[in-house]
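Inside the fold
Chain by chain, the residues:
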Amino acid sequence: MNTTITVNADQSTGTISRHIYGHFAEHLGRCIYEGIWVGEDSPIPNTRGIRNDVLEALRNLSIPVLRWPGGCFADEYHWKDGIGPREQRKRMVNTHWGGVVENNHFGTHEFLDLCELLGTEPYICGNVGSGTVQEMQEWVEYMTFDGESPMADWRKANGREKPWKLKYFGVGNENWGCGGNMRPAYYADEYRRFQTYVRNYGENRVYKIAGGANSDDYNWTETLMREAGGYMDGLSLHNYTVPGGFEVKRPATGFDEAEWFETMQLALRMDELITRHKAIMDQHDPKKRVGLIVDEWGTWFQVEPGTNPGFLYQQNSLRDALVAGLHFHVFHRHCDRVHMANIAQTVNVLQAMILTEGAEMLLTPTYHVFEMFKVHQDAEALSLHLDTGDYTLGDESIPQISASASKRADGTLDISLCNLDPNREAAVSLQLRGLAGIPEVSGRVLTHNDMNAHNTFSQPETVKPQAFEGVRSVSADGLSAVLPPASVVVLTLLS
Amino acid sequence: MAVNQTCKGCSADVWVTEAQIQKLLAGMEGKGFSFVSETVYQTRLAVCRTCPSLVYGTTCSHCGCLVEVSGKLAGKKCPHPAGSKWEKAEQASASAKS
């Protein structure tokens, strides 16, 4: 059947926070070291140790917020090890990630410098699992206090006179697991205690994020909202798309259609998870004051053959691009509660934007979806009705098309579409309500005739956006278009 | 006591054993990979073993590759940011023979 989409251009369902397009960079594998930080003495061109090619590529994404230093690493990170002269910084073992040696050369100053270079907001995750209240309190004081205090004076002695602006602060990470193996009621109490000392200094106002649930652990959300909801601004949720599960992970490339289908099914599950966590949050917080912060999401596959298994380095194919598009559509639909999301992870780890090998760098299909979709950042989500056929494999079906529409401040409409079927193109009839005149339509598409297509260092542009030639007709009522199989399309409509 | 089965990181280990590497190498046989000669392979490994960028005894920090695997593959190159160390060593080895 043909797909019919009705967009109500005059009916906003909320604002799509730009923070939904956030990222996550953990001290893990080659994400920070090699991927972002090469040091000032590297032959790779860099700005104060941060590689310029990656900086330029990430700037092009208009990254709104960057989460750091973990992840699991956050709950064994002691920030005082990562300040002062680099040659004097403590070396330690990152036990959560297989015993990686951490030299602490990339610490608080370097991270906040990166954020300033990118024009992005920092989101720092503090240590509850193995840290202390005092340590957390002093970190916030070090970064944000504008005046005379032991921590502010130390910051100045380390070369930073003015405090940084820090809004987003996570009080622990995955405290049900690597962040302390706590039970929810216990963590709720710990959260209440730790957050008390995450102070607002001067004009800086901290948005406090409590460690939230793993996937479908609704009891965690229920307990946290009941016991500590009044003390938080945000509550996190982590869910990865892992075909086969964590015990039997599958390759990132070389997959068949059954694995493609399973991956899409799992990605679509994010809608159910958010819907159910939201329902619990709504009971305790009907005014929707507390944001749902999906601060870890993305695909998780086997590491690339022949690479160190502790580095979590995986390829990134057209399949990952569809997963990213589907997630954004889900986040847009729930923008009343989802205030932020952070893909895992920015460079060289899991569903990354960028892969590097020494001085070489490539952009992944996921990067291109983030770039194409950035038009939705801070736009008004529009009411949309989707009537689509199924993509069926065996005796299971999922909707063939996923769609989302938003309106920018200047009135420009952007409509993103995903065709999940790798075999069938899709005829789409797009009906527009609430628009005057015939819009001028342009578009871009990300697709390939091989669902396994991906970019390599020898062929870095196998998958990249192209001008979309599939628009068949445009009128005052709407337009018709044909989407290629396995594609992500973004249409821009100027009235 | 219930054990958390959703733990993500604990199984990831950067310390890779010789047995694991041999298993990887054996798994590559007959799969259509193009390998370098044994002489080139040993030249490459000798370079990697003295390179400061080798971590955990097995891994190139610039590409994350296990050098005993990547050194065998014809399509691979040394990713050292200052230039390929393999290439220099292979050229030196070739000129010494001629």
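- Naming follows an unreviewed UniProt entry, where chain A appears as non-reducing end alpha-L-arabinofuranosidase of Paenibacillus physcomitrellae.
- According to the UniProt record, the Sequence similarities (unreviewed entry) comment for chain A reads "Belongs to the glycosyl hydrolase 51 family."
- In its Catalytic activity (unreviewed entry) section, UniProt records this for chain A: "Hydrolysis of terminal non-reducing alpha-L-arabinofuranoside residues in alpha-L-arabinosides."

Here we look at the overall build of chain B
- Secondary structure summary: chain B contains four helices and two strands in total.
- Counting only residues that meet the buried cut, chain B has 42% of its 98 residues in that class.
- Of the contacts formed within chain B by residues at least 6 apart in sequence, a portion of 58% connects residues at least 24 apart.
- Accessible area for chain B stands at about 5,600 Å²; split by element, carbon and sulfur atoms hold 59% of it.

Description of the sheet that holds strand β20 (residues 413-419) of chain A
Residue and element names in this part refer to chain A.
- Spatially, the ten strands line up as an open sheet ordered β23-β22-β26-β20-β19-β16-β1-β21-β25-β24, and their pairing is mixed. Two strands bound the open sheet, and with one partner strand each, they are β23 (466-467) and β24 (471-475).
- Note that strand β1 (residues 3-15) and strand β21 (residues 426-433) share six bridges and pair parallel. Note on β21: the bridge partner recorded for isoleucine 5 is leucine 430.
- Across the sheet, helix α8 (residues 318-333) touches β16 (380-387), β19 (401-407), β20, β22 (440-447) and β26 (487-494), and the angle it forms with β20 is around 130°.
- Most of the contacts of helix α9 (residues 365-373) go to β22, to which it runs at about 165°, and overall it touches β20, β22 and β26.

Quick look at the packing of aromatic side chains
Residue and element names in this part refer to chain A.
- Here the structure, examined in full by the defined rule, presents 31 aromatic pairs over all chains.
- Measuring from ring centre to ring centre gives 5.9 Å for tyrosine 77 and tryptophan 139, while their planes differ by 50°; the resulting arrangement is tilted. Residue tyrosine 77 is found in the loop between β5 (65-68) and β6 (92-94), and its partner tryptophan 139 is found in helix α3 (residues 133-144); the two are separated by 62 residues along the sequence. Each of the two residues, tyrosine 77 as well as tryptophan 139, counts as buried.

Notes on the sheet that holds β5(A)
Residues and elements named next belong to chain A.
- Read around the closed barrel, the eight strands follow the order β2-β5-β8-β9-β10-β11-β12-β13; overall the barrel is parallel. Averaged over all neighbouring strand pairs, the angle between strand axes comes to 30°, with direction disregarded.
- In this sheet, strand β9 (residues 168-171) lies alongside strand β8 (residues 121-126) in parallel orientation, the contact comprising four bridges. What sits directly across from glycine 126, in β9, is valine 171.

Points about the nonpolar core
Residue and element names in this part refer to chain A.
- In this structure, Phe169, Trp297 and Phe331 are the most contacted members of the largest nonpolar core, which totals 116 residues.
- For this core, the leading source of residues is α8, giving nine residues.
- One finds Ala9, Ile415, Ala426 and Val428 within the second-largest nonpolar core, a separate group that totals 23 residues.

Here's the deal with the state of the cysteines
All names here are of chain A.
- In the structure shown here, the tally under the stated rule is one disulfide over all chains.
- Covalent S-S linkage joins cysteine 72 and cysteine 178, the inter-sulfur distance amounting to 2.2 Å. Disulfide cysteine 72-cysteine 178: the torsion about the S-S bond is -85°, which places it as left-handed. Separated by 106 residues along the polypeptide, cysteine 72 in the loop between β5 and β6 and cysteine 178 in the loop between β9 and α5 (184-196) bring together distant segments of the chain.
- There is no disulfide at cysteine 31, and the cysteine sulfur nearest it, in cysteine 115, is 12 Å away.
- For cysteine 31, a relative accessible area of 0% gives the class buried.
- Judged by relative accessible area, cysteine 115 falls into the buried class, the value being 2%.

So, the pairing of β19(A)
Residue and element names in this part refer to chain A.
- Burial within β19 is extensive, with six of its seven residues counted as buried.
- Note: β16 against β19, two bridges, orientation antiparallel. Residue glutamate 380 lies in a different strand from β19, and its bridge partner there is lysine 407.
- With antiparallel pairing between neighbouring strands as the criterion, β19 and β20 make up a hairpin whose turn holds five residues, including glycine 411 at a positive phi of roughly 95°.

Notes on the packing of helix α1 (residues 52-59) of chain A against helix α2 (residues 108-118) of chain A
Residues and elements named next belong to chain A.
- Between α1 and α2, the shortest axis-to-axis distance is 10 Å and the interhelical angle comes to 50°. It follows that α1 is oblique to α2 by the angle criterion. Residues Leu55, Leu58 and Arg59 of α1 touch α2, and the partners they reach there are Leu114, Leu117 and Leu118.
- Residues belonging to the contact of α1 with α2 are distributed by class as follows: five nonpolar, no polar and one charged.

What about the pattern of salt bridges?
All names here are of chain A.
- Enumeration over the complete set of coordinates arrives at 33 salt bridges over all chains.
- The shortest N-O distance in the salt bridge between arginine 86 and glutamate 110 comes to 3.0 Å. Of this pair, arginine 86 sits in the loop between β5 and β6 while glutamate 110 sits in helix α2, and the two are 24 residues apart along the sequence.
- A residue is classified by how much of its surface remains accessible, and arginine 86, at 22% relative accessible area, is partly exposed.
- Residue class for glutamate 110 comes out buried when judged on its relative accessible area of 5%.
- Taken together, the salt bridges that share partners define one network made up of Lys278, Asp282, Asp285, Lys288, Asp336 and Arg337.

Reading guide: rules and limits
Residues numbered from 1 in each chain as written. Chains lettered and ligands numbered in written order. Predicted model: local features only at pLDDT ≥ 70, side-chain atom pairs only at ≥ 80, totals over all residues. Heavy atoms only, no water. UniProt positions renumbered as here; feature names shortened; annotations may be inferred. Helix = DSSP H or I, 4+ residues; strand = E, 2+ residues; numbered from the N terminus. Buried < 20%, exposed > 50% of the residue type's maximum accessible area, 1.4 Å probe, protein only. Contact = heavy atoms within 4.5 Å. Areas by Shrake-Rupley, 256 points an atom, 1.4 Å probe, with all protein chains shown as cover. Pairing = 2+ DSSP bridges. Axes fitted to C-alpha atoms, helices over the stretch in contact; angles between N-to-C directions. Phe/Tyr/Trp six-rings, centres within 6.5 Å; stacked < 30°, edge-to-face > 60°. Core = buried A, V, L, I, M, F, W, Y, C linked by side-chain atoms within 4.5 Å. Disulfide = S-S within 2.5 Å. Parallel < 35°, antiparallel > 145°, perpendicular 65-115°, else oblique. Nonpolar A, V, L, I, M, F, W, Y, C, P; charged D, E, K, R; others polar. Salt bridge = Lys/Arg side-chain N within 4 Å of Asp/Glu carboxyl O.

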